[in-house]
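# Structure assessment
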Amino acid sequence: MPDTPSPSQPVVTRFAPSPTGELHIGGARTALFSWAYARRFNGRFLLRFEDTDQKRSSKQAELNILRDLDWLGLRADNHDDIPRQSQRLDLYNTATRKLLDMGLAYEDAGAVRLRMDQDVSFRDEVYGDITVKADELEDFVIRKAPEADGRTFPTFHLAVVVDDVHMGVTHVIRGQEHLSNTPKHARLYDALGHARPIWVHTPSIMNPDGSKMSKRDKAKTARNAAQQAGILQSPIDDPKRYEAFLNKDNDDLDIALHIASVLGVELPEIDVADFRQSGYLPAVLLNYIALLGWNPGDDIERFDLPFMAEHFGFDRINRKNAKFDRDKLAAFNQEALAALPPDEFATKLREHFAAFHTAFVERLGDGFATFAAMYQERSKTLDDPATLGRFFIDAPADYDDKAVKKNLTKNDGEGLAMLAAFAETIDAIEPWDTPTIQAGLESFTVDKQLKNIGGIAQPLRVAITGSAVSPPIDATLALLGQQEVKARIARCLETVHDQA
Ligand code: GLU
């Protein structure tokens, strides 16, 4: 009865990332499920850093994982004192000693192996009862050969079991890729004389093309882009390393990022930090990743952390691989952004821009909330306004051909003539605010006997944005500022005349 744990044994779950890189989406889902289950049963949700791979582990990676868990709102109950495996070597050595003494393990070329001479059966809450025959199991290393300094490190298998026992973990929730490790872990529990935990393996997260979503996807995207663009020369100082990257001998993230910036390609978001930078709300990301392999039933799709803390259980986790649908995530996010009260949207947008697009914050000053309001409904992410509204900080470098023809040069340059005439009236528009600009545009429309306000609004759009699209023209001009509008019209008149 996994969904009604016995009151005598309080639920303890844990998230045990290896601090070798950023927190990725699969890890975040494991943390979410572990957090939710512990909350549902008033248990404890613990964090542990699995740093037995000392060469690849780093303090920075630990800090980044903590930052991202905090951002998601998944704080561990042992947040102030998080165990690291590298600090517990004694514990593992004691366990190894015990297994050696009992004759269940033996030394082999400096390492220690556990005997796997019996069939192993265990139950997984998602994948059911599993039996692996003894002849399919190899004696496996539980302690690696000593380091140069004499210290002995456990393998992941021994460390994970000893730690889970030590921390009183009752439910091990983790990705399906660990299912094949579980017979080893089950055997270790038995050999050490400890009660097994409940295992819950969650389905893999796949890309739409059916490949497994992984950190390597960034390298894959960059590699393909480099090959398509025919970049054979190394963009980094180390041509050998680059060649190895192209040959798929390494998935070097630095090279991938370098190629992406040179070619202007976007690498897929994989890590929580990527999604933050792309402007997804943490609540939306959590909601979406919860649905990767779990659903609360009754066709409920939108929910928050408190809902999960009330309803999350193992019975509704699927075995089937989950597909990561970026369009669906974006649709969720757009809906959530649109539903925010405008001042809250502006606050979130400002925070996002303060972190990733400072130029806007500086340039827009007090106008930031107006800018936010212009883009709230159309934004799929908090990053979209930086693209859609780029023209607020950068004058157009060139003008879209189609927009120029349609709105400026057609009919013997009718649009250009309107633009030039409107430029003459700008100084008279005082104060330079939305209603006064609107009034100015309307009387200009009447004076020039234009069919409608578009006769001047469209040429203005091209002049100030380079395209035929912008938010409402009056508010856009107001926010841009009187002098800037004049300067952009002048530049457009010069440039487009030259082009014609
Ligand atoms: N450090 C392991 C990982 O990141 C954790 C495995 C487990 O949860 O038992 O995959």
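Look up: the structure comes first, before these words.
Thresholds applied
- Residues numbered from 1 in each chain as written.
- Predicted model: local features only at pLDDT ≥ 70, side-chain atom pairs only at ≥ 80, totals over all residues.
- Heavy atoms only, no water.
- Phe/Tyr/Trp six-rings, centres within 6.5 Å; stacked < 30°, edge-to-face > 60°.
- Buried < 20%, exposed > 50% of the residue type's maximum accessible area, 1.4 Å probe, protein only.
- Lys NZ or Arg CZ within 6 Å of the ring centre and 35° of its normal.
- Pairing = 2+ DSSP bridges.
- Helix = DSSP H or I, 4+ residues; strand = E, 2+ residues; numbered from the N terminus.
- Axes fitted to C-alpha atoms, helices over the stretch in contact; angles between N-to-C directions.
- Expected span 1.5 Å × (residues − 1).

Before going further, it helps to examine the packing of aromatic side chains. Across all of its chains, the model carries 22 aromatic pairs by this definition. Where Phe312 meets Phe314, the ring centres are 6.1 Å apart and the plane angle is 80°; that geometry is what we call edge-to-face. The two residues Phe312 and Phe314 agree in class, both being buried. Taken together, the ring pairs in this structure connect Phe33, Tyr37, Phe41, Trp294, Phe303, Phe307, Phe312 and Phe314 into an aromatic cluster. A cation over a ring is seen here: Lys184 above Phe140, with NZ or CZ 5.6 Å from the ring centre.

What follows deals with the sheet that holds strand 7 (residues 140-143). The strands making up a sheet associate through backbone hydrogen bonding, with each pair oriented either parallel or antiparallel. Strand order in the open sheet made by the 3 strands is 3-4-7, with antiparallel pairing throughout. The open sheet has two free edges, formed respectively by strand 3 (105-108) and strand 7, since each of these has just one partner strand. If you compare each strand with its neighbour and ignore which way they point, the axes differ by 45° on average. Direction of pairing for strand 4 (residues 111-114) relative to strand 7: antiparallel, over a ladder of 3 bridges. Its bridge partner being in strand 7, Arg113 is matched across the sheet by Val141.

What follows concerns helix 19 (residues 454-465). For helix 19, with 12 residues, the first-to-last C-alpha span of 15 Å sits near the 16 Å given by 1.5 Å per residue. Burial analysis of helix 19 places 9 of its 12 residues in the buried class, the great majority of the element. For helix 19, the complete set of buried residues consists of Ile456, Ala457, Pro459, Leu460, Arg461, Val462, Ala463, Ile464 and Thr465. Of the residues one or two after helix 19, Gly466 is the one with positive phi, at around 90°.

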